[in-house]
Amino acid sequence: MRQYKDFQWLYHHLSTGNDIGGIIIPPIPDKLGSRTLETRKIMAGLRQRISIGEIEATAIDCKKLEIFLNKIAGHPYLAQDNHVDCFLTEQETPERFSFKKGFFDNVLKSIVDFRHQKYKDREPAFQQDRYVINNACMYWKNVNQSFSQVIQSRRKVAVALIILASNVVYIGAEIAGNMSTERKLIQSFGECLNFCRKSIDAACDVNEINFGVILDYYADYYEEAKEMLYRRTIRMIDYDSALRAYEKAKPRYQESVSREFYVAYWKADVKRKGTKNAYEQTTETAKNELKRFNFARVRDLRDTLLKFAEFQLAAARNCCTVISDVLITLKDYR
């Protein structure tokens, strides 16, 4: 059985053992049931685990890990990594160790990112991609928050229906007394309310594990896409710096140039070529990655929305059938 540290091990080797300059690494979900996850989601306004049971929460976490593995297995480059084969076939991973991100590392990265996010791109298309993805990160978090509010509201309605059904049955028993027919009618109405409550709870659980998981995962996935564009920007800046250094080191008058000057010029040329190759390879890979990412995002969101709509219709039909039966029974009562 795989533990969460095994997934961390896989993510670590994929992100550090490859040239990931232009690759969007599928994000690894947070640790199952971690307290830091609770705090982070509450602070971010996302869904709170307290609104669902522990079994449902575990199912959601496992669903995210399943998406993580599917994304890696379907990636044309990452799927060929030896560590993926080891993870899928070996009983135990070679080593397990904790991965921690320091607070100051995150702060430093935020500062550097802020300094470079307005750096003008060499290609207008990537300039637009940076703008779109930066905004999309915020939009997906807002969608997460809105979906959370919908789920929370529906669960409050379900709780209210429990209370209403209990009170209806209790009051019916007090009023009807020994009148068996009237008691059955009131009990039937209470059961109808309880069925509606179960239907709402079931819908919330299904929506959480399907639509909610996709919203959560792609909120993190967009952050990874932003990271990829950030790495490409850094390589572009390195190339621009090397190009300026090369132009500065270029000999102006051959007869007055010393040997040391030629050595410096040669080193600048080597660095220019190296940074240029890294930048061009990263740019080409990034173009393909963004195409794959956008195609997968549209496909996954479309499939999830279809399932979401179909389940909503099915649940509404079931509730409508039960309520109609109770309504007919009440109308026939004299």
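Think of each chain on its own: its residues are numbered from 1, step by step along the sequence as written. In keeping with the predicted nature of the model, local features appear solely for residues at pLDDT of at least 70, side-chain atom pairs appear and are counted solely at 80 or more, and the whole-chain, interface and lining totals rest on all residues. Hydrogens are left out, water is left out, and the side-chain values use all remaining heavy atoms of the structure.

S.K.: So what exactly am I meant to see when it comes to the overall build of the protein here?
M.R.: Runs of H or I in DSSP of at least four residues are treated as helices and runs of E of at least two as strands, each being numbered from the N terminus. Helix and strand content of the protein: eight helices and zero strands. For every residue, the accessible area (1.4 Å probe, protein chains only) is compared with the maximum for its type, and the residue is labelled buried under 20%, exposed over 50%, or partly exposed between those bounds. The buried share of the protein, taken over its 334 residues, is 36%. Only the protein chains shown count as cover for residues, and the accessible areas themselves come from Shrake-Rupley with a 1.4 Å probe. When the accessible surface of the protein is summed, it comes to about 20,500 Å², and 57% of that surface belongs to carbon and sulfur atoms.

S.K.: Would you mind showing me how to read the confidence of the model for the protein here?
M.R.: Regions with low pLDDT carry predicted coordinates that are not meant to be interpreted in detail. Of the residues in the protein, 80% reach a pLDDT of 70 or more, and the chain-wide mean stands at 80. Across the chain, each position has a pLDDT score giving the predictor's confidence in that residue, from 0 to 100. Ranking the elements of the protein by mean pLDDT puts helix H2 (residues 35-44) last with 45 and helix H8 (residues 259-332) first with 88. Contacts were defined at the residue level, with two residues in contact if any of their heavy atoms lie within 4.5 Å. This stretch, residues 39-50, has a pLDDT under 50; its non-local contacts, to residues over four places away or in other chains, come to 26 contacts.

S.K.: Where do I start with the side chain of Glu289 in this structure?
M.R.: By secondary structure assignment, the location of Glu289 is in helix H8. Among the residues examined, Glu289 registers a relative accessible area of 5% and is labelled buried. Polar contact is defined as a pair of N or O atoms within 3.5 Å, subject to the rule that within protein one atom must be able to donate a hydrogen and the other to accept it, and that residues adjacent in sequence are counted only when both atoms are side-chain atoms. A distance of 2.8 Å separates the side chain of Glu289 from the backbone nitrogen of Ile24, its partner in a polar contact. Once residues lying within four places of it in the same chain are set aside, the contact partners of Glu289 are Gly22, Ile23, Ile24 and His75.

S.K.: What am I meant to see in helix H4 (residues 82-89) here?
M.R.: Working note: α-helix, 3.6 residues per turn, so residues spaced by three or four point in the same direction. For H4, the full list of buried residues reads Val84, Cys86 and Phe87. Seen from one end, H4 has its buried residues packed into an arc of 160°, which puts them on one side. In this structure, H4 carries Asn82 and Leu88 as exposed residues pointing more than 90 degrees from its buried face. Two or three places before His83, at the opening of H4, Asp81 has a side-chain oxygen 2.7 Å from that residue's backbone nitrogen. Here the arc refers to the directions that run from the helix axis out to each C-beta atom.

S.K.: Help me out: how do you make sense of the environment of Arg2 in this one?
M.R.: If you trace the backbone, Arg2 turns up in the segment before helix H1 (4-16). Through-space distance from the C-alpha of Arg2 to that of Glu92 is 8.0 Å; in sequence the pair is 90 residues apart.

S.K.: Got a minute to help me understand the packing of H1 against H4 in this structure?
M.R.: Each pair of packed helices can be described by the angle between their axes along with the distance between the axes. Working convention: axes come from line fits to C-alpha atoms, limited for helices to the stretch in contact. Angles between N-to-C directions cover 0 to 180 degrees. Put simply, H1 and H4 touch, their axes get as near as 9 Å, and they point 165° apart. By the criterion of interaxial angle, the relationship of H1 to H4 is roughly antiparallel. H1 and H4 meet at a crossing whose hand is left-handed. Seen from H1, the contacting residues are Asp6, Phe7, Trp9, Leu10, His13 and Leu14; seen from H4, they are His83, Val84, Cys86 and Phe87. Angles are sorted into four bins: roughly parallel if under 35 degrees, roughly antiparallel if over 145, roughly perpendicular if 65 to 115, and oblique for all others. We call a crossing left-handed when the near helix sits turned anticlockwise from the far one by less than a right angle, and right-handed when that turn is clockwise.

S.K.: Would you mind showing me how to read the nonpolar core here?
M.R.: Core analysis: the largest hydrophobic core is formed by 52 residues, its most contacted members being Leu10 and Phe68. For this core, the elements supplying multiple residues, two or more each, are H1, helix H3 (54-73), H4, helix H6 (124-176), helix H7 (180-249) and H8. Among the elements that take part in this core, H7 stands out by supplying 16 residues, more than any other. Setting aside residues up to four positions removed in sequence, Phe68 forms contacts with Phe7, Leu10, Tyr11, Pro26, Pro27, Ile28, Pro29 and Tyr217. Note on terminology: a nonpolar core comprises buried Ala, Val, Leu, Ile, Met, Phe, Trp, Tyr and Cys residues joined through side-chain atoms within 4.5 Å.

S.K.: Which parts of the structure should I look at to understand a nonpolar patch on the surface?
M.R.: Grouping into patches uses exposed residues only, defined as over 30% relative accessible area, and leaves out salt-bridged ones; the cut-off is 9 Å for like charges and 5 Å for nonpolar side chains (Val, Leu, Ile, Met, Phe, Trp, Tyr). Within this document, salt bridges are pairs made up of a side-chain nitrogen of Lys or Arg and a carboxyl oxygen of Asp or Glu, the two lying within 4 Å of each other. Together, Val159, Ile162 and Ile163 give the surface a local cluster of nonpolar side chains, amounting to about 250 Å² of exposed area. By relative accessible area, which is 35% here, Ile162 ends up partly exposed.

S.K.: Help me out: how do you make sense of the environment of Ala79 in this one?
M.R.: The residue Ala79 is located in the loop between H3 and H4 in this model. Separated by 65 residues in sequence, Ala79 and Leu14 place their C-alpha atoms 9.6 Å apart.

S.K.: Please explain the packing of aromatic side chains as it appears in this structure.
M.R.: Any two rings among Phe, Tyr and Trp, with Trp reduced to its six-membered ring, count as a pair given centres within 6.5 Å; such a pair is stacked if its planes are under 30 degrees apart, edge-to-face if over 60, and tilted if neither. Under the defined criterion, the tally for this structure stands at 15 aromatic pairs. Where Tyr217 meets Tyr218, the ring centres are 6.5 Å apart and the plane angle is 85°; that geometry is what we call edge-to-face. On the basis of an interplanar angle of 50° and a centroid distance of 6.1 Å, the ring pair of Tyr218 and Phe293 is categorised as tilted. Of this pair, Tyr218 sits in helix H7 while Phe293 sits in helix H8, and the two are 75 residues apart along the sequence. Residue class for Phe293 comes out buried when judged on its relative accessible area of 4%.

S.K.: Would you take a moment to explain the pattern of salt bridges for this structure?
M.R.: For side chains bearing opposite charge, pairing can occur when the charged atoms are close. One pass over the structure, following the stated rule, counts 15 salt bridges. A salt bridge links Arg232 to Asp121; the shortest N-O distance between them is 2.6 Å. Here Arg232, found in helix H7, pairs with Asp121, found in the loop between helix H5 (103-116) and H6; they are 111 residues apart in sequence, far enough to count as distant. Using a relative accessible area of 7% as the deciding quantity, one classes Asp121 as buried. What you see here is one network of salt bridges that share partners, running through Arg155, Arg197, Asp201 and Asp205.

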